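If you want the building blocks of each chain, they are given just below.
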Amino acid sequence: MEIKNSVVLITGASSGIGEATARAVVQAGAQAVLLARRQDRLDDLAKTLGNDVLALPCDVTNPIEVQKAVQIAQEKYGRIDVLINNAGQGLYATIEDISIEDFRELLNLNTVAPLNMMQAVIPLMRKQQAGCIINVSSGATLATYPGSAAYTSSKSALNMISKVARLELADAGITVSLLHPFMTATEFYGSVKSGLNTSKEQEAGAMSIAHQPSLAAQMIVNLIKTGDEEVDLVPKEYGGSFEE
């Protein structure tokens, strides 16, 4: 898909990969619709990006807010060409210690919310006979790590939703792609649902090999252009295919 003049909707756009992606698509000539819960962060980002940005505070786990945001974007631009499901959260806990309440909330954000976003924009993309959906998963789903069951299972479910959707929507001219980031220098580690101490320890040990959010953003831009099924930023020694 041609990015220039397209309308790109990004969730979790107020920081990290979402913020970097907003900057990348605007630089490529797109009009960006930015969704996140932190309105102050969104407003600050929108000011730096200029007139081609619509910043909408939205809790993507709330279906009513999602529908409202999509409706506002459609009314302003007349179309939505690209959806980037980036909002998500981590959780570190052993199987015995996973809080069922925390797990349900994690699934709601990492799995159910992206599906809801997809269902909100697919009818518009069908009418356009074209569209692109990119779901940001995790490189952690490519391997098995102690304490990762809750997080990786939520992202693994998103992987299967994406792969099946790619098959189902191909005839409508809609591509569905997956990005598997590696460790990324973002606020992710400090905002986990539980297991903050473990998360911060992992962050401290990973910063020497962590990627910048801009690299993930560039891979997202490439996926928009190519429509490839999936790509990962995980080095080969960690079970992925990425080479510097």
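About the cut-offs
- Residues numbered from 1 in each chain as written.
- Predicted model: local features only at pLDDT ≥ 70, side-chain atom pairs only at ≥ 80, totals over all residues.
- Heavy atoms only, no water.
- UniProt positions renumbered as here; feature names shortened; annotations may be inferred.
- Core = buried A, V, L, I, M, F, W, Y, C linked by side-chain atoms within 4.5 Å.
- Buried < 20%, exposed > 50% of the residue type's maximum accessible area, 1.4 Å probe, protein only.
- Helix = DSSP H or I, 4+ residues; strand = E, 2+ residues; numbered from the N terminus.
- Contact = heavy atoms within 4.5 Å.
- 1 Å grid on protein atoms, 1.4 Å probe; cavity = no way out; pocket = protein on both sides within 12 Å on 5 of 7 lines; lining within 4 Å.
- Points joined across faces, edges and corners; volume = space filled by probe spheres on them.
- Nonpolar A, V, L, I, M, F, W, Y, C, P; charged D, E, K, R; others polar.
- Phe/Tyr/Trp six-rings, centres within 6.5 Å; stacked < 30°, edge-to-face > 60°.
- Lys NZ or Arg CZ within 6 Å of the ring centre and 35° of its normal.

Where an unreviewed UniProt entry is consulted, the chain appears under the name SDR family NAD(P)-dependent oxidoreductase, with the organism given as Alteromonas gilva. Here the chain is described in UniProt, under the heading Sequence similarities (unreviewed entry), as follows: "Belongs to the short-chain dehydrogenases/reductases (SDR) family."

**Overview of the nonpolar core**
With 38 residues, the main nonpolar core has Ile10, Val25, Leu34, Ile84, Ile220 and Ile224 as its most contacted residues. The set of elements that each furnish at least two residues to this core consists of strand S1 (7–11), helix H1 (16–27), strand S2 (31–36), helix H2 (39–49), strand S4 (82–85), strand S5 (131–136) and helix H7 (213–226). Of the residues forming this core, the biggest block, seven residues, is contributed by H7. In this view, leucine 34 contacts Ile10, Ala13, Ala22, Leu42, Leu45, Leu49, Val53, Leu54, Ala55 and Leu56; residues no more than four positions away in its chain are not counted. Counting 31 residues, the second largest nonpolar core, distinct from the first, contains Ala69, Ile80, Ala172 and Val176.

**Looking at empty space enclosed by the protein**
The tally for this structure, following the rule as stated, stands at one cavity of 30 Å³ or more. In this structure, the largest cavity occupies an estimated 50 Å³ of space. Every residue lining the largest cavity is listed: Thr11, Val60, Asn85, Asn86, Ala87, Leu109, Asn110, Ala113, Pro114, Val136, Lys155 and Leu158. Of all elements in the fold, only helix H4 (100–128) and helix H5 (149–169) reach the threshold of two or more residues within the lining of the largest cavity. Looking at which element gives the most residues to the lining of the largest cavity, the answer is H4, with four residues. When its residues are assigned to classes, the lining of the largest cavity shows seven nonpolar, four polar and one charged.

**Observations regarding the packing of aromatic side chains**
Ring pairs (aromatic) are described by centroid distance and by the angle formed between their planes. Per the counting criterion, the structure on display carries one aromatic pair. With 5.2 Å between their ring centres and 50° between their planes, phenylalanine 182 and tyrosine 238 make a pair best called tilted. Taken together, the positions of phenylalanine 182 in the loop between strand S6 (174–180) and helix H6 (196–206) and tyrosine 238 in the segment after strand S7 (230–232) put the pair 56 residues apart, joining distant regions of the chain. The residue whose ring lies beneath lysine 76 is tyrosine 77, and the NZ or CZ to ring-centre distance is 5.4 Å.

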